[in-house]
Amino acid sequence: MDFNMKKLASDAGVFFSRAVQFTEEKLGQAEKTELDAHFENLLAKADCTKNWTEKILHQTEVLLQPNPSVRVEEFLYEKLDRKVPSRVTNGELLAQYMVEAANDFGPGTPYGKTLLKVGETQKRLGGAERDFMHSASINFLNPLRNFLEGDWRTITKERRILENRRLDLDACKARLKKAKAAEAKASAVPDFQETRPRNYILSASASAAEHELRVAQTEFDRQAELTRLLLEGISSTHVNHLRCLHEFVESQATYYAQGYQYMLDLQKQLGSSKGEIFPGTFVGNAESTSPPPATTSPTTVAATIPVVPTVGRAPNSATAVEGALNLKDVKPPASGTRKARVLYDYEAADSSELALLADEMITVYSLPGMDPDWLIGERGNQKGKVPVTYLELLS
């Protein structure tokens, strides 16, 4: 118990000495040992890395899981070292509802069939989203989190120790300075009463202060070197995070590519079954399920495309369009045809359609009675229907 009390008293003395030194530095009454410029740059780089890593980590978590309550629940499960319960994604839940609705409406009805097709695609999208979230969590979030909870905590601990060593060093410098000043003052005063014991005490006090200063300087230099090595490791952290960032981008690109392909397949399925569900083609259908990526709406695009006049046919007849496509002598308008750039690859569903390749240029125009979502496209001797959503109309 006696030893513990002595240690407690010693620790209390050190703490008080550091507190006094810190206060006097803040008040400008004491000198402070400054670190070199290289060390300060390392500290600034480490702080910057920590701050931006926290922000990127948090926002990535928001991207992967927008629901804040679910994020908090997953965080608690992680801290308690318990397995996070499996959850269905929003796409999978939507697919479940669509399938159940199709069964109630009748899977053999046109609406039921379409619900089943869309539901299956939504399920595939949900699965791709789950794979992306899992990959991003392992390859990107975990390395960032490990840095903050591992390396950064170690750096913070060693920086705190370095700050204490610096306070001890500066306190020793202050004590040595006071001892030297007292000794110099005593030596300057004439010793009429021969107070040599007092001079011996002052000299011994200065020697003890010098010894304490050497010990404090050694401990400070050792801690500074250790902290410097840890801070220089931040460059390796950047390299590791860069690799993780590439993996995150690759997994995200794979996810979006899968989603794009799934939706293209669904669009083709719905397009091929549209003629079966809706006999005839409707002009100005306001329920178009595939809005064009360009800023021009389908109605506006169809209104600006030149129309080939046909004689003796109803202007809104579906057979007029099919007949025009089957006639080889149908010519495009003499003037007013437009050029269009293909945005995406498109595979023709039947012989009446024209297959497209991304970035190629074709000539387009409209026929009376055509669905506004479709145009007639020509490429050399080839001609057929093309979807407006895959085109960028040029002036």
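The sections below set out a description of the structure shown in this document. Every residue gets a number counted from 1 within its own chain, in the order that chain's sequence is written. Local features are withheld for residues below a pLDDT of 70 in this predicted model, meaning they are given only at 70 or higher, and side-chain atom pairs are given and counted only at 80 or more; totals for whole chains, interfaces and linings count all residues. For the side-chain quantities, the full set of heavy atoms in the structure was used; hydrogens and water were omitted.

**A few points about the packing of aromatic side chains**
Then, number 1: Each Phe, Tyr or Trp ring, with Trp reduced to its six-membered ring, pairs with another whose centre is within 6.5 Å; inter-plane angles below 30 degrees give stacked pairs, above 60 give edge-to-face pairs, and intermediate values give tilted ones. Under the counting rule described, the total for this entry stands at ten aromatic pairs.
Then, number 2: Consider the rings of F147 and W152, whose centres lie 6.4 Å apart with planes at 50 degrees: the pair is tilted. Each of the two residues, F147 as well as W152, counts as buried.
Then, number 3: Their ring planes at 70 degrees and their centres at 6.5 Å tell us that Y346 and W374 sit as a pair that is edge-to-face. With Y346 in the loop between β1 (338-342) and β2 (361-365) and W374 in strand β3 (residues 374-379), this pair connects stretches of sequence that are 28 residues apart. Comparing Y346 with W374, the two get one shared label, buried.
Then, number 4: Site record: aromatic cluster; members linked through ring pairs are F132, F140, F248, Y255 and Y256.
Then, number 5: Consider the ring centre and the ring normal. A charge sits over the ring if Lys NZ or Arg CZ is within 6 Å of that centre and within 35 degrees of that normal. Of note, K385 hangs over the ring of W374, and the distance from its end group to the ring centre comes to 5.3 Å. Each residue gets one of three labels from its accessible area relative to the maximum for its type: buried under 20%, exposed over 50%, partly exposed in between, using a 1.4 Å probe on protein chains only. A run of DSSP states H or I qualifies as a helix once it reaches four residues; a run of E qualifies as a strand once it reaches two. Both are numbered from the N-terminal end.

**Digging into the nonpolar core**
Then, number 1: Ranked by internal contacts, the top residues of the largest apolar core, which has 32 residues, are F39, F132, F140 and L231.
Then, number 2: Of all elements in the fold, only α2 (37-64), α5 (110-188), α6 (196-232) and α7 (234-277) reach the threshold of two or more residues within this core.
Then, number 3: Top element by residues in this core is α5. It accounts for 15 residues.
Then, number 4: Sequence-distant contacts of L231, defined by excluding residues within four places in its chain, comprise F39, L42, L43, A46 and I155. What makes a nonpolar core is a set of buried Ala, Val, Leu, Ile, Met, Phe, Trp, Tyr and Cys residues whose side-chain atoms join them at distances within 4.5 Å. Note on contacts: a residue pair is in contact if any heavy atoms of the two residues lie within 4.5 Å.

**Structural notes on the environment of T389**
Then, number 1: Here T389 is to be found in the loop between β4 (382-387) and β5 (391-393).
Then, number 2: Separated by 47 residues in sequence, T389 and V342 have C-alpha atoms that sit 9.3 Å apart.

**Topic: the side chain of Q122**
Then, number 1: Structurally, the position occupied by Q122 is in helix α5.
Then, number 2: In this view, Q122 contacts G91, E92, L94, A95 and M98; residues no more than four positions away in its chain are not counted.

**Some thoughts on the pattern of salt bridges**
Then, number 1: The salt bridge criterion pairs a side-chain nitrogen of Lys or Arg with a carboxyl oxygen of Asp or Glu, the two atoms within 4 Å. According to the stated counting rule, one finds 15 salt bridges in the structure shown.
Then, number 2: For D170, the salt bridge identified is with R166, shortest N-O distance 2.6 Å. Of this pair, D170 and R166 both sit in helix α5, four residues apart, roughly one helical turn.
Then, number 3: We classify D170 as buried; its relative accessible area is 3%.

**What to know about a nonpolar patch on the surface**
Then, number 1: Residues enter patches when they are more than 30% accessible in relative terms and free of salt bridges; like-charged ones are connected within 9 Å and nonpolar ones (Val, Leu, Ile, Met, Phe, Trp, Tyr) within 5 Å. Working definition of accessibility: Shrake-Rupley area with a 1.4 Å probe, residue cover restricted to the visible protein chains. Side chains of L242, L245 and V249 sit close together on the surface and give an oily, nonpolar patch of about 260 Å² of accessible area.
Then, number 2: Residue position: L242 is located in helix α7.
Then, number 3: Given the relative accessible area of 48%, L242 is considered partly exposed.

**Looking at the pairing of β3**
Side-chain positions along a regular strand alternate between the two faces of the sheet.
Then, number 1: Counting buried positions along β3 yields five of six residues, so the element is predominantly enclosed.
Then, number 2: By definition, two strands form a pair when at least two bridges between them are found by DSSP. Note that β2 and β3 share three bridges and pair antiparallel. By the bridge assignment, Y365 is partnered in β3 with I376.
Then, number 3: Bridge count between β3 and β4: six bridges; the pairing is antiparallel. By the bridge assignment, G377 is partnered in β4 with G384.

**Points about α2**
Then, number 1: In a helix, the anticipated span is given by 1.5 Å times the number of residues less one. Helix length check: α2, at 28 residues, gives a terminal C-alpha distance of 40 Å against a target of 40 Å (1.5 Å per residue), a fit within 8%.
Then, number 2: Listed as buried for α2 are F39, L42, L43, A46, T49, T53, L57, T60 and L64.
Then, number 3: Each polar contact in these results corresponds to two N or O atoms within 3.5 Å; when the atoms are within protein, one needs to be able to donate a hydrogen and the other to accept it, and residues that are neighboring in sequence are counted only if both atoms are side-chain atoms. If you check the start of α2, you find a side-chain oxygen 3.1 Å away from the backbone N of H38, and it comes from D36.

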